[in-house]
Amino acid sequence: EEDEDDLSELPPLEDVGRPPAPPREDAQRPEQGAGDAAGDPQEWLDVLGNGLLKKKTLVPGQGVDSRPQKGQDVTIRLKATLEDGTVVEEDPALTFTLGDCDVLQALDLCVQLLEMGETALIVSEAKYCYGAQGRSPDIPPNASLTLEVELLAARDAPDLELLSGKEKIQLANRKRERGNFFYQQADYVLAINSYDIALRIVGSSSKVDFSPDEEAELLDVKVKCLNNLAASQLKLDHFKAALKSCNLVLEHQPGNIKALFRKGKVLAQQGEYREAIPILKAALKLEPSNKTIHAELSKLVKKHADQRNVETEMYRKMLGNPSATGTPRKCKDKLPWSIPWKWLFGATAIALGGVALSVVIAARN
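Residues numbered from 1 in each chain as written. Predicted model: local features only at pLDDT ≥ 70, side-chain atom pairs only at ≥ 80, totals over all residues. Heavy atoms only, no water.

- Looking at an unreviewed UniProt entry, the chain carries the name peptidylprolyl isomerase, with the source organism given as Machaerirhynchus nigripectus.

Below is the structure:
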C-alpha cells in the first residue's frame, strides 16, 4: 500500500496508476456548456485557440498593466461548478505561485490574463482540470468545469535565501505533493516539473541557519523527490536521467531500497542485466520479504540467461561452428595436408637456400 507521505513506496509508483476512464458520451464542449448561457459567445476569449479553454470577463479590472507575472504569488477567489451547476469547490482566498502548476492548468493559464480586481468566468474541458481520473468523490472522470475567479492580490514570491527551515520544508513539500498529484493523473511531464521545483527549493542557498532536525527533514524531502522523479523519468523512457536521479539518492543513502530497485529497473530497461542483477540482490537483502523485488529479480535472471544463450550462439556462428551442442566438429577435409611431404620440404629448402644466398651476396658487397 502507498504511504500517504511518499507515493514512491514499493510496489513502485508506476504500478499504482488507474487506467484512463472512457470519454463521456454526453460531454459537451465549452461553447455548449453552462458558461455560454451567461452572455454572447462572441465575448469569449479562446485562450489556447483549440476551443477547450475559454475566458470571459464579468467585472473589468484595473487595466492590462495590473496583470500578474509568472513567478509571483497570486491570491484569487474561486468557485468551481460542474456542467449541471453542482458546486464542487469554493475558496475565498486561494494562494499559489503563478506558472508553477500548483493548481489546475485552467487556472494557471488564465489567471495570468486577469487584471487586478477582475472577475472572470472560465470554462474548461477536463484536459485542463482533473482529466480522465476526475477527483473522487465529487468530480467524475472527463468532467468539464466552470470556474468563477476574481484576482485579489499579486506579490513577488518570497526570497528562498531568507526562508526559515520550517518554511522551506513546507514549500518544498507542497511542490512535491503537486508532483504526486500529476503522477497519479499520468501527466509525467508536469510531475517532473513539480519535483524539479521542489528540488531547487531544497537545494537553494540560505542566509538562515537550520537546526540539525531541519537539515535532516530537508534531506528527507530531497530523497523523496528524487525517488519520485526517477519513477516519472522511467515512465517517459528517460533512462539516463532516471539513473542520475537514483545515483543522487544513493549518494546520500546507499541502502535506499527504492533507489536500488529503480536503478536496477533502469539498467534492465537498457539491457544491462549483468549490472542490474547484483543491485536488485542488494535491495532484496535489505528487504527479503518484498515480493516486488523478488519478481523483478527472477525476471531479470531469466532474461540474462536468455541473453547469454543468444550471445553464445552468435559467437558459434561467427567462429564457423553453428552446432547447438558446442562440441567441436571434426575436420574431415584434409585438403591442406594432401600435398606430399617431400614437396613441402623441398619448397622450404629452396626458400631457405634463396635467403642464405642473398645474405652471402650482401656480405660480399
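After presenting the structure, the write-up continues.
### Remarks on the UniProt feature "repeat: TPR" (unreviewed entry) in the chain
And step 1. Following the UniProt record, one finds the feature "repeat: TPR" (unreviewed entry) at residues 257–290.
And step 2. Along residues 257–290 one finds 79% helix and 0% strand; the C-alpha atoms at either end are 10 Å apart. (UniProt positions renumbered as here; feature names shortened; annotations may be inferred. Helix = DSSP H or I, 4+ residues; strand = E, 2+ residues; numbered from the N terminus.)

### A word on the pairing of strand E3 (residues 72–81)
Every regular strand shows the same layout, with side chains that alternate between the two sheet faces.
And step 1. A large share of E3 lies buried, amounting to 8 of its 10 residues.
And step 2. Of the strand pairs in this sheet, E3 and strand E4 (residues 87–97) are connected by 8 bridges, and their pairing is antiparallel. Considered in E4, the bridge of Lys 79 is made with Glu 90.
And step 3. Following E3, the chain reverses through 5 residues before pairing antiparallel with E4; Gly 85 in that reversal takes a positive phi of roughly 95°. (Buried < 20%, exposed > 50% of the residue type's maximum accessible area, 1.4 Å probe, protein only. Pairing = 2+ DSSP bridges.)

### Re the sheet that holds strand E1 (residues 45–46)
Strands in a sheet are paired, the pairing made by backbone hydrogen bonds, and the direction either parallel or antiparallel.
And step 1. Read across the open sheet, the 6 strands follow the order E1-E2-E5-E6-E3-E4; overall the sheet is antiparallel. Looking at strand neighbours, the two that pair on one side only are E1 and E4, the edges of this open sheet.

### Comments concerning the pairing of strand E6 (residues 145–156)
And step 1. Where E3 and E6 come together, 10 bridges link them in antiparallel fashion. Looking at E6, one finds that Lys 79 is bridged to Glu 148.
And step 2. Taken together, the 6 bridges between strand E5 (residues 119–124) and E6 define a ladder with antiparallel strand orientation. Residue Leu 121 lies in a different strand from E6, and its bridge partner there is Glu 148.

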